Amino acid sequence: MERRLLLGRRETRYGAYRALATQDGAVALGLSVGASPDTPAAAAKGRPDEPNEDACLALRSGDRLLLAVADAHFGAHASHALLQALHDELRVIPAHPAALLRALASLPLRADPDAPDSAASLLVAVHRYELGAGFGFSFGDATCMLVGAQHDARPLNRHTQQFVMPGAPHSLRADLASFFEYDAPPGELLVAFTDGVDACVYGQPRRSPGRADRVALFEQTGNSPVAYVRALVEQSLAGLPDELGGQDNIAVGAART
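Below, the structure is looked at part by part. (Residues numbered from 1 in each chain as written. Predicted model: local features only at pLDDT ≥ 70, side-chain atom pairs only at ≥ 80, totals over all residues. Heavy atoms only, no water.)

Looking at the sheet that holds strand β8 (residues 143–148)
Then step 1. Taking strand neighbours across the sheet as the criterion, the six strands line up as β2-β3-β12-β11-β8-β9 in an open arrangement whose pairing is antiparallel. What marks the edges here is a single partner per strand, and that holds for β2 (18–21) and β9 (151–155). Pairs of neighbouring strands in the sheet enclose a mean axial angle of 15 degrees, with direction left out of account.
Then step 2. On top of the sheet, helix α4 (residues 211–221) reaches β8, β9 and β11 (189–193); it is set at about 140 degrees to β9, its chief contact. (Pairing = 2+ DSSP bridges. Helix = DSSP H or I, 4+ residues; strand = E, 2+ residues; numbered from the N terminus. Axes fitted to C-alpha atoms, helices over the stretch in contact; angles between N-to-C directions. Contact = heavy atoms within 4.5 Å.)

Looking at the pattern of salt bridges
Then step 1. Across all of its chains, the model carries 14 salt bridges by this definition.
Then step 2. Note that glutamate 2 is salt-bridged to arginine 4, the shortest N-O span being 3.0 Å.
Then step 3. Judged by relative accessible area, which is 17%, glutamate 2 ranks as buried.
Then step 4. Relative accessible area serves as the criterion here: at 18%, arginine 4 is assigned to the buried category.
Then step 5. Among the ionic pairs, arginine 64 bridges to aspartate 63, the shortest N-O distance being 3.8 Å.
Then step 6. Residue aspartate 63 is classed as partly exposed on the basis of its relative accessible area, which comes to 30%. (Salt bridge = Lys/Arg side-chain N within 4 Å of Asp/Glu carboxyl O. Buried < 20%, exposed > 50% of the residue type's maximum accessible area, 1.4 Å probe, protein only.)

Laid out in structure tokens, this is it:
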């Protein structure tokens, strides 16, 4: 299994980002702490020395891909523990939704006594190349979308008010999640991101780049996951003309379908 993981604790350069891809460039990740430390998002951080509480993960094996993003609040522990455990523990990428829920529920997660309130939005998508289709679950306000010739960057999932807490297995219950499934022709992009993308003006998505902007990026970059991830992170850091950007941590994953 090819594994790629980016953790916010290791990327804290304001106005910059780190990008990572699989060997063939078919899957890419991007992570940034944001444009500035002086933003409203700072009030929800657990520790001043850990300003980036986002994380992103890609696992690929055979005809299956798992793409995940997580955004913690009140401490980086929740997002980092969730995706680190998926990275370390998963031996087979689940082939159907029930198996994915079982895999999530079986992760060896514990609460951090130094960050007992740490909770995270979590989005996990599985793409099956041989079927040209996929599925996933999300908790909180991360987003999954398809962008390409047949899709216009509409979210596949709905946002919820439910967040995941390590050490609280009930927070991963299926009835608390947004389930989604999709069909995707070859050559499109499956994209997942935290709210530092669609609300890069903190808490104000209407002042942030929207669906049309994400489609325009695809038209500019083609179906290159690496180019798209870089363009989407840079757009989120900059924001719209005459608006601010980069007011929250940013995590992005993209994969060619």
